[in-house]
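Chain and residue survey
The residues making up each chain are set out below.
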Amino acid sequence: MPAYSALSHLECSRTGSRHDPDVIQGTSPAGAPLLARYDVERVRATVTKEEIAARPASLWRYHEMLPVRSERNVVSLGEGMTPLLDLPRYGAALGVPALRMKDESLIPSGSFKARGAAVGVSRAAELGVTGIAMPTNGNAGAAWSLYAARAGMRSLVAMPTDAPEITRTECVVSGAELYLVDGLIGDAGRLVAAAVAERTGYQEISTLKEPYRIEGKKTMGYEIVEQLGWRMPDVILYPTGGGVGIIGIHKALLELRELGWIDGDLPRLVAVQATGCAPIVEAYERGARESEPFPDARTVAFGITVPKALGDFLVLDAVRETGGTAIAVTDEDLLAAQAALARVEGAFICPEGAACFAAVEQLRASGWLRGDEEVVVLNTGAGLKYPETVPVDVPTLPVDGRIPDLPESA
Ligand SMILES: Cc1ncc(COP(=O)(O)O)c(C=O)c1O
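Criteria and cut-off values
- The written sequence of each chain sets the order in which its residues are numbered from 1.
- Local features are withheld for residues below a pLDDT of 70 in this predicted model, meaning they are given only at 70 or higher, and side-chain atom pairs are given and counted only at 80 or more; totals for whole chains, interfaces and linings count all residues.
- As a convention, hydrogens and water are excluded, and side-chain values are obtained from all of the structure's heavy atoms.
- Three labels apply to residues, based on accessible area from a 1.4 Å probe with only protein chains included: buried if under 20% of the type maximum, exposed if over 50%, partly exposed otherwise in between.
- The helix count covers DSSP runs of H or I at least four residues long, the strand count covers runs of E at least two residues long, and both are numbered beginning at the N terminus.
- Ring pairs are drawn from Phe, Tyr and Trp, using the six-membered ring of Trp, whenever the two centres fall within 6.5 Å, and their geometry is named by plane angle: stacked under 30 degrees, edge-to-face over 60, tilted for the rest.
- Working rule: Lys NZ or Arg CZ, within 6 Å of ring centre, within 35 degrees of ring normal, means a charge sits over the ring.
- Where helices are involved, their axes are fitted lines through C-alpha atoms of the stretch in contact, as for all axes, and angles between N-to-C directions lie from 0 to 180°.
- Oblique is the label for any angle not covered by the other classes, which are roughly parallel (under 35 degrees), roughly antiparallel (over 145) and roughly perpendicular (65 to 115).
- Definitions for this section: a left-handed crossing has its near helix turned counterclockwise from the far helix by less than a right angle. A right-handed crossing has that turn clockwise.
- Note on definitions: a residue-residue contact is assigned when non-hydrogen atoms from the two residues lie within 4.5 Å.
- Residues were grouped as follows: Ala, Val, Leu, Ile, Met, Phe, Trp, Tyr, Cys and Pro as nonpolar; Asp, Glu, Lys and Arg as charged; and all remaining residues, including Gly, as polar.
- Following DSSP output, two strands are said to pair if at least two bridges run between them.
- The near set for a molecule or strand comprises every residue that places at least one heavy atom within 4 Å of it.
- Whenever a nitrogen or oxygen atom comes within 3.5 Å of another N or O atom, the pair is scored as a polar contact, on the condition that within protein one atom can donate a hydrogen and the other can accept it, and that pairs from neighbouring residues in sequence are kept only if both atoms are in side chains.
- Method for areas: the Shrake-Rupley scheme with a 1.4 Å probe, in which residue coverage is limited to the protein chains shown.

Right, let's talk about helix α9 (residues 219-227) for a bit. Of all 9 residues in α9, 8 are buried; the element is thus mostly enclosed. Along α9, the residues classified as buried are Thr219, Met220, Gly221, Tyr222, Glu223, Ile224, Val225 and Glu226. Glycine 229 sits one or two residues past α9 and shows a positive phi near 80°.

For the structure shown, the criterion picks out 4 aromatic pairs. Here tryptophan 230 and tryptophan 261 contribute two aromatic rings whose centre-to-centre distance is 5.7 Å and whose plane-to-plane angle is 75°, an arrangement assigned as edge-to-face. Here tryptophan 261 lies in the loop between α10 (244-259) and β11 (268-274) and tryptophan 230 lies in the loop between α9 and β10 (235-239), a separation of 31 residues in the sequence. When sorted by exposure, tryptophan 230 lands in the same class as tryptophan 261, which is buried. Positioned above the aromatic ring of tyrosine 202, the side-chain terminus of arginine 199 is 5.2 Å from the ring centre.

This part is about the packing of helix α11 (residues 279-286) against helix α12 (residues 312-321). Their axes nearest at 10 Å, the elements α11 and α12 cross at an angle of 55°. In this view, α11 runs oblique relative to α12, as classed from their interaxial angle. For the pair α11 and α12, the sense of crossing is right-handed. Contacts between α11 and α12 involve Ile280, Ala283 and Tyr284 from the former and Asp312, Val315, Leu316, Val319 and Arg320 from the latter. Here the residues of the contact of α11 with α12 sort into 6 nonpolar, no polar and 2 charged.

Reading across the sheet, the 6 strands line up as β4-β5-β13-β10-β11-β12 and stay open at both edges, with mixed pairing between neighbours. Only two strands of the sheet have a single neighbouring strand rather than two, namely β4 (84-86) and β12 (325-329). Adjacent strand axes in the sheet meet at a mean angle of 25°, parallel and antiparallel pairs treated alike. Where helix α14 (residues 351-366) meets the sheet, it contacts β5 (99-103), β10, β11, β12 and β13 (375-379), and its direction lies at approximately 110° from that of β12.

Further remarks concern the side chain of aspartate 312. Locating aspartate 312 in the fold gives a position in helix α12. Under the relative-accessibility criterion, aspartate 312 is labelled buried at 1%. Contacts of aspartate 312, omitting those with residues within four sequence positions, involve Ile280, Glu290 and Ser291.

For methionine 81, which is not glycine, the phi dihedral falls at a positive 50°. Residue placement: methionine 81 occurs in the loop between α2 (49-53) and β4.

Moving on, we come to the site of the ligand. Around the ligand, a shell composed of 18 residues is seen, among which Lys113, Tyr238, Gly241, Gly243 and Thr380 lie nearest. A distance of 3.2 Å separates an oxygen atom of the ligand from a polar atom in the side chain of lysine 217. Within the side chain of tyrosine 238, a nitrogen or oxygen atom sits 2.5 Å from an oxygen atom of the ligand. For the ligand, whose unbound accessible area comes to 400 Å², protein coverage reaches 97%.

An order of β2-β1-β3 is seen for the 3 strands of this open sheet, with the pairing classed as antiparallel. The sheet terminates laterally at β2 (18-19) and β3 (34-38), the two strands that pair on one side only. By the bridge criterion, 5 bridges tie strand β1 (residues 7-12) to β3 in an arrangement that is antiparallel. Paired with glutamate 11 across the bridge in β3 is leucine 35.

Encoded structure:
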């Protein structure tokens, strides 16, 4: 029987050096992210896309191209195969009728971070890790705590005090050791690294400092292609913080092309940031290979408040190699897009996803996006996790009161 995973080795994303995938690994000796590589020839010879399409609706349907060696080690809460929704009314209003949303609000823990956590925790457990430690902007810590609990693993999480409050609750309810830090994710990262150095049995799984979170996130790319009938859209927009999702989608598209399941030019990938924290946009505009730390970072789209990402150069490669772009939007514009989506399409999306819709509007207005293009936006999480982004100002009625008549204009 063919192996569950075709994982062959890990490769340094900077130097190309090869490393053993069957021991616990962090970054490469060059300090860069390690990327999982597979025996693609073997996968091509043993499985067809029709067989994949007949499998259960979870991200594990792509298991040959995921790193977990044995199905017995899969830790799952039912993640993957989220809807790819048409947005006919909103798309028409923006002048992009073929606008679609990959909606990650319908996934365990309410954010796409469940994908990285499912694959990362499964592989960590398979390699004998008994505790994970991480800094987070909230959603990743919540997802990893929940999956770690399911795997019977300990978790240590540090997050900024400004991270969405519900993510604290998710960590606490799943038994994580949680610390709040009066700072940004980089400050939380320093505290976690120092703690891991003094403890045994914990692996530090900060963004791109272990090789498998990205493997879970890349499945968004596999699913978009499969859901479009093994076709690529023209453009994909992604709210970019640490950048794992956009790097993962780029990796997925390259793998799918190598597998021979798609062909032709890749979609133009667009990295969307907020004007309050836009290091990658700034580097893109300067023509730089890497970003500079963004000063005084602040945006309501908290998940993308990452002043300096370890994988910034990989995000910039993904954007440039596909003829995409990087663009920043204001908090005002992204909140307006969040409200519009809910009113016009009934979708309550997270502010990070909303940033991408504000970017669609700007890119269409500038002519960068044509009206006949097929565009996919990643909504990376549920608006329900961010109740504070919507001001609720409504009257309270006395029990013996009366609901006012509709005004004439309504
Ligand atoms: C809802 C949401 N969207 C996007 C991101 C950014 O993720 P990435 O590291 O893939 O850029 C985050 C990260 O915290 C997030 O929580």
